[in-house]
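# Summary of the model geometry
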Amino acid sequence: MDFLRCLLLLAGVFHVALCYRTRSHHCVDITSNTAPLCANLSLGYDKMMLPNFLRHDTAMEVRRELAQWSPLVGSGCHPYLKHFLCSVFAPVCMLELIPPCRSLCSMVQNSCEPLMRRHNYTWPSMLDCRKYPENSMCVKIETPTPIPTTTVCEEDGSNVPLDELQKKFCDSDFAMRARVSEKKMKDGYLILKATAIKSLKGSLKRDQLQRLRIPNMESRNCGYVNKRKQFLILGTKRGRRMIVTYLMKWKDFRNMRRKIKEKACRKM
């Protein structure tokens, strides 16, 4: 009846469209029950519009779909992945849907898709960045946080300066020649299960070797790590966590091994 009254009172296609929008779109509170991924995020708004860009009509659909992104969010592949996802799945409730900017989408995709591909996933077509605008009426990040460019795994260690490697060795709590029997992603880390062949500094217990950690943001070049190779592994102890700070192929380190000395650390 309300929709029919709108048709009778308002003239023109534009007004009819407004009546239909008022009837079909509605605002829903963003809470831990409706969109937990977005609930504690500084979005600048606390109500989302449904249906959203992906035509999800209910908060239950939004919650279910966002939950599938939790592992990628946990990986830390981009600091504004949550902001992008929330702008799509839980857009701000206004007179019309405000899409994310193409630049925000591309920034997140370029940073996160390499990690997705390592697990045989690709960036979904439903989030194709080309369909988002780049104008004053889209969600953007004015001052994006720089993405760390450091990586723990050295793909080609043959050209690493000796003094740089010596410093890495001195800064580490443990150093070893080791094999990696298993690796997996969990809770924002690449977890390595290693077997020490020879301890070079600060030996680790067996259970500690089973959970060496590399933060996902620093594991971009670690695809070559496998159980067929031997590696130099350097790391630090942070409480109960063994954090790998540097990893290179043992064959690349072999020629420099005699020049890297623990006693040289006293002079640094």
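This section reports on the structure supplied with the text. This one's a predicted model, so the numbers in the text were calculated from it and none came from an experiment.

The rules behind these values
- Residues numbered from 1 in each chain as written.
- Predicted model: local features only at pLDDT ≥ 70, side-chain atom pairs only at ≥ 80, totals over all residues.
- Heavy atoms only, no water.
- Helix = DSSP H or I, 4+ residues; strand = E, 2+ residues; numbered from the N terminus.
- Contact = heavy atoms within 4.5 Å.
- Core = buried A, V, L, I, M, F, W, Y, C linked by side-chain atoms within 4.5 Å.
- Buried < 20%, exposed > 50% of the residue type's maximum accessible area, 1.4 Å probe, protein only.
- Arc of directions from axis to C-beta.
- Disulfide = S-S within 2.5 Å.

In this structure, Met126 sits in the loop between helix H7 (102–118) and strand S3 (153–154). Along the primary structure Met126 and Phe53 are separated by 73 residues, whereas in three dimensions their C-alpha atoms are 9.6 Å apart. When near neighbours in sequence (up to four residues on either side) are disregarded, Met126 contacts Leu54, Trp69, Phe89, Lys131 and Tyr132.

It is worth spelling out unusual backbone geometry at this point. Note that the residue after Leu50, namely Pro51, is joined by a cis bond; omega there is -5 degrees. Along the polypeptide, Pro51 turns up in the loop between strand S2 (47–50) and helix H4 (59–67). For Arg55, which is not glycine, the phi dihedral falls at a positive 65 degrees. By the element assignment, Arg55 lies in the loop between S2 and H4. The phi angle at Asn120 is positive, at roughly 65 degrees, despite the residue not being glycine. Inspection of the secondary structure puts Asn120 in the loop between H7 and S3.

Among the nonpolar cores identified, the biggest contains 36 residues, and Cys38, Met48, Phe84, Leu85 and Trp123 are the most heavily contacted of them. Where this core is concerned, the elements lending two or more residues are helix H3 (36–39), S2, H4, helix H5 (70–75), helix H6 (81–89) and H7. Ignoring sequence-local partners within four residues, the contact set of Trp123 consists of Trp69, Phe84, Cys105, Val108, Gln109, Glu113, Met116 and Cys129. The next biggest cluster of nonpolar side chains, apart from the first, holds 21 residues, and it includes Met176, Ala194, Leu204 and Phe231.

Turning next to helix H8 (residues 162–171). Among all positions in H8, only Leu165, Gln166, Phe169 and Cys170 are buried. Buried residues of H8, viewed axially, fall in a sector of 140 degrees; they line one side. Where H8 is buried, its residues contact strand S4 (174–186), strand S5 (189–201), strand S7 (230–238), strand S8 (241–249) and helix H10 (250–253).

Looking now at the state of the cysteines. For the coordinates displayed, the defined rule picks out six disulfides. Between Cys27 and Cys93 runs a disulfide, and the two sulfur atoms are separated by 1.7 Å. Its S-S torsion of about -75 degrees marks the bond between Cys27 and Cys93 as left-handed, since a negative value means left-handed. Residue Cys27 is located in strand S1 (residues 26–29), and its partner Cys93 is located in the loop between H6 and H7; the two are separated by 66 residues in the primary sequence. One disulfide bridge connects Cys38 with Cys86, the sulfur atoms lying 1.9 Å from each other. Residues Cys38 and Cys86 are joined by a disulfide whose S-S torsion is about -105 degrees; by sign, that bridge is left-handed. Within this pair, whereas Cys38 is found in helix H3, its partner Cys86 is found in helix H6, the two being separated by 48 residues in sequence. Accessibility assignment for this pair places Cys38 and Cys86 in one class, buried.

Read these as layout, nothing more, since geometry by itself doesn't imply function.
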